[in-house]
Amino acid sequence: MMLRPLLLAGVAMATFAVGGTLALMPWHTPTLAQSELRLPAEQSRQVPESEAQVKLSFAPVVRSVAPSVVNVYATRIEQQALSPFANDPFFSRFFGEGQFQSRPRESRSLGSGVIVDQSGVILTNRHVIEGATDVRIALSDGREFAVDIVIEDAQTDLAVLRVRQPGDASFPAIAFADSDALQVGDLVLAIGNPFGVGQTVTSGIVSALARTGVESSDYEFFIQTDAAINPGNSGGALVDLDGRLVGINTAIYSQSGGSVGIGFAIPANMARLVAEAGVSGGEIVRPWFGAKLQAVTSDIAASLGMAAPHGALIAEVAPDGPAARAGFAAGDVILSVDGVAVDDPSAFNFRLATKPIGQSTMLERLRGGGTETVPFTVEPAPSPTDDMLASITGNSRFAGTSVRELDAALAEAKGLPYDARGVIVTAVQPGSPAEQMGLRVDDIILALNDIPMETARAFAGTAGQRVRTWQIILQREGRVTRSIVSG
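This one's a predicted model, so the numbers in the text were calculated from it and none came from an experiment. (Residues numbered from 1 in each chain as written. Predicted model: local features only at pLDDT ≥ 70, side-chain atom pairs only at ≥ 80, totals over all residues. Heavy atoms only, no water.)

(A) Quick look at the overall build of the chain. Looking only at helices and strands, the chain features 12 helices and 28 strands. Put simply, 62% of the contacts in the chain that link residues at least 6 apart link residues at least 24 apart. If you sum the accessible surface of the chain, you get close to 23600 Å²; carbon and sulfur atoms cover 51% of it. (Helix = DSSP H or I, 4+ residues; strand = E, 2+ residues; numbered from the N terminus. Contact = heavy atoms within 4.5 Å. Areas by Shrake-Rupley, 256 points an atom, 1.4 Å probe, with all protein chains shown as cover.)

Here is the structure:
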């Protein structure tokens with residue numbers, strides 16, 4: 001399990017990747033029809049009224065769900081740090097040339113996963129298998145299988161695995177619940193492999209919904225639970241009392257490394273999208289709104305005449321993007337998506353990300369002191385055309401480099417202005433001249449030998465040349481640097 005430091009209320013706290021998700025219920029007063037639809041769910045939630053009810057067991061739920069939860073074992077090959085004596089001729093003379101050289105080291109990590117399809121498709125956390133050279137799963141009945149990594153989605157910290165050689169085996173898949181139906185106080189069970197001791201079940205309640213600031217993923221909208229979650233639970237199941245998956249356990253707050261009753265899970269409604277892409281063998285296509293959002297502060301709410309700060313304020317709109325075409329403008333505040341209130345930009349991003357591409361959704365906005373509902377067609381970010389891509393091969397200092405032109409969608413994703421120019425490095429081949437020169441993925445090349453690199457074609461035509469020296473202006477992690485390298 002990976003230890004992730006977080007800062008909470010000014011105190012450095014340790015976060016193990018083991019759980020996280022949440023759902024947000026509508027804040028507005030329901031109509032009669034909505035109240036009637038919710039009545040059965042409300043009636044099913046009852047406080048125990050007798051000793052006999054208190055003694056009821058979760059065992060039937062566990063029996064139905066436990067076979068769908070697996071242990072995940074990931075093996076990585078890592079290079080040990082080079083000894084400080086490696087290049088010392090004195091030590092090399094007496095101990096041999098290779099004595100202090102770096103050597104590969106095998107490391108192992110463990111986590112959990114959930115079977116989501118009978119053909120042998122498993123959903124887990126990306127950080128469980130990140131960088132792994134070999135991944136295996138073990139079922140609750142003792143069977144073990146090698147698996148292939150189908151999807152690694154950094155934006156959600158989810159990954160999809162598929163059994164490599166299932167043979168005639170059939171795997172018990174779990175059913176997804178609607179995580180939006182969760183309420184604070186609902187009973188849930190967490191199932192996983194904490195500390196590698198074996199499959200373990202813990203119980204608790206939903207402590208909170210729509211938690212943000214837990215991890216640095218793009219879609220932070222976590223379910224918080226007090227069910228005991230520990231290192232090794234990452235990728236395991238958070239289930240309701242109907243035995244349905246409501247979340248994927250992802251992270252905890254902890255000062256000791258163990259559970260202190262604050263765990264987080266990725267909501268099932270987000271996990272389902274990644275799982276479906278893995279089952280179908282397709283790629284994850286997400287909506288693009290085409291606007292930069294910020295939280296509504298108390299001062300902003302007061303200036304807009306809002307009774308309380310909530311919603312997502314549009315700070316900037318991408319020219320000709322989906323939001324602009326739908327009539328949104330800077331200064332608008334998005335209050336709800338299909339009638340479900342959004343408290344902040346993270347909540348809006350989550351709600352939009354769970355909508356199918358091509359669907360028409362209704363966005364409520366505040367503009368000029370009044371509210372209105374605007375239809376919005378969910379669109380993906382535009383895919384780059386062939387002339388927006390370039391790769392350098394052959395006898396060139398930039399050989400091994402692949403780049404893409406910046407457009408509004410990519411600029412937004414990288415935290416750049418919509419009018420940003422340049423080409424962004426999308427890949428650098430290991431051992432290539434480009435890697436030896438020091439280029440990295442996400443470097444933005446602005447100019448070569450004083451020639452602006454505004455298009456992939458310009459980069460391909462310039463970088464493929466042989467010259468004595470290169471003057472490179474690039475932007476890396478927000479800083480613009482100028483360097484000169486040999487040709």
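(B) Representation of the nonpolar core in the model. Core analysis: the biggest nonpolar cluster contains 51 residues, and L123, I248, F289, F328 and F348 have the highest contact counts within it. By size, the runner-up hydrophobic cluster in this structure holds 20 residues, among which are I392, A456, W470 and I472. (Core = buried A, V, L, I, M, F, W, Y, C linked by side-chain atoms within 4.5 Å. Buried < 20%, exposed > 50% of the residue type's maximum accessible area, 1.4 Å probe, protein only.)

(C) View of the packing of aromatic side chains. What the rule picks out here adds up to 8 aromatic pairs. The interplanar angle of 85° and the centroid separation of 5.1 Å between the aromatic rings of F398 and W470 together place this pair among those described as edge-to-face. One end of the pair, F398, is in the loop between β22 (389-391) and β23 (401-405); the other, W470, is in strand β27 (residues 469-476), and 72 residues separate them in sequence. Taken together, the ring pairs connect F289, F328, F348 and F376 into an aromatic cluster. The lysine or arginine in question, R365, covers the ring of F328, its NZ or CZ lying 5.1 Å from the ring centre. (Phe/Tyr/Trp six-rings, centres within 6.5 Å; stacked < 30°, edge-to-face > 60°. Lys NZ or Arg CZ within 6 Å of the ring centre and 35° of its normal.)

(D) Just helix α6 (residues 268-280), in detail. An ideal rise of 1.5 Å per residue puts 18 Å on 13 residues; α6 measures up with 18 Å between its terminal C-alpha atoms. Regarding α6, the residues found buried are A268, N269, M270, A271, V274, A275, A277 and G278. Two residues or fewer past α6, G281 is found with a positive phi of approximately 80°. (Expected span 1.5 Å × (residues − 1).)

(E) Region of interest: the pairing of strand β6 (residues 134-138). One ladder, built from 4 bridges, connects β6 with strand β7 (residues 144-153); its direction is antiparallel. Within β7, the residue paired with V135 across the bridge is V147. With antiparallel pairing between neighbouring strands as the criterion, β6 and β7 make up a hairpin whose turn holds 5 residues, including G142 at a positive phi of roughly 100°. (Pairing = 2+ DSSP bridges.)

(F) Molecular detail of a nonpolar patch on the surface. A cluster of nonpolar side chains, F58, L187, I205 and L241, forms an exposed patch at the surface whose accessible area comes to about 290 Å². A relative accessible area of 36% means that L241 is categorised as partly exposed. (Patch = residues over 30% accessible without salt bridge, like charges linked within 9 Å, V, L, I, M, F, W, Y side chains within 5 Å. Salt bridge = Lys/Arg side-chain N within 4 Å of Asp/Glu carboxyl O.)

(G) Seen up close, the pattern of salt bridges. Tallied over the full model, the rule gives 18 salt bridges. Salt-bridge contacts for R136 lead to E144; the nearest nitrogen and oxygen are separated by 3.9 Å. For R136, a relative accessible area of 33% gives the class partly exposed. Among the residues examined, E144 registers a relative accessible area of 49% and is labelled partly exposed. Among the salt bridges present, the one from K292 reaches E316, with a minimum N-O distance of 4.0 Å. Of this pair, K292 sits in strand β16 (residues 291-295) while E316 sits in strand β17 (residues 312-317); the two residues are 24 residues apart in sequence, bridging distant segments of the chain.

(H) Seen up close, helix α9 (residues 345-353). Burial of α9 is extensive: 7 of the 9 residues sit out of reach of the surface. For α9, the complete set of buried residues consists of P345, A347, F348, F350, R351, L352 and A353. One side-chain oxygen at the N-terminal end of α9 lies 3.2 Å from the backbone nitrogen of S346; it belongs to D344. (Polar contact = N/O pair within 3.5 Å; in protein donor to acceptor, adjacent residues only side chain to side chain.)

(I) Region of interest: the side chain of D332. In this fold, D332 is placed in the loop between α8 (322-325) and β18 (333-337). Of the residues examined, D332 reaches a relative accessible area of 3% and is grouped as buried. Reaching out from D332, the side chain makes a polar contact with the backbone nitrogen of A329 at a distance of 3.0 Å. In this structure the side chain of D332 is engaged in a polar contact, spanning 2.7 Å, whose partner is the side chain of R367.

(J) Highlighting the confidence of the model for the chain. Predicted confidence across the chain gives a mean pLDDT of 85, with 84% of residues reaching 70 or more. Contacts for the low-pLDDT stretch residues 1-41, under 50 throughout, to residues beyond four places or in other chains number 135 contacts. (pLDDT = per-residue confidence, 0-100.)

(K) Just the pairing of β23, in detail. By the criterion of burial, β23 is predominantly enclosed, with 4 of the 5 residues buried. When β22 meets β23, the two strands line up antiparallel, connected through 3 bridges. Among the inter-strand pairings, A390 is bridged to a residue of β23, identified as V403. The pairing of β23 with strand β24 (residues 423-428) spans 5 bridges and is antiparallel. Across the sheet, residue V403 finds its bridge partner in β24, namely V425.

(L) Up close: the environment of G213. Examined against the element boundaries, G213 turns out to sit in the loop between β11 (200-211) and β12 (222-225). In sequence terms G213 and S346 are 133 residues apart; their C-alpha atoms lie 9.5 Å from each other. With residues near it in sequence (within four places) discarded, G213 still touches E220 and Y253.

(M) Looking closely at the side chain of T361. Mapped onto the secondary structure, T361 falls in strand β20 (residues 360-367). A polar atom in the side chain of T361 sits 2.8 Å from the side chain of D338.

(N) How the structure looks around unusual backbone geometry. A positive phi angle, close to 55°, is found at F195, a residue other than glycine. Tracing the sequence through the fold places F195 in the loop between β10 (187-192) and β11. Residue classification places F195 among the exposed positions, given a relative accessible area of 52%. A positive phi angle, near 50°, is found at E477, a position not held by glycine. Structurally, E477 can be placed in the loop between β27 and β28 (479-486).

(O) Up close: the environment of P166. Tracing the backbone through its elements, the reader meets P166 in the loop between β8 (158-163) and β9 (175-176). Other than its neighbours up to four places away in sequence, P166 contacts S119, F145 and F171.

(P) Geometry of the environment of A74. Topologically, A74 is positioned in strand β3 (residues 69-79). A74 sits in the buried class, given a relative accessible area of 1%.

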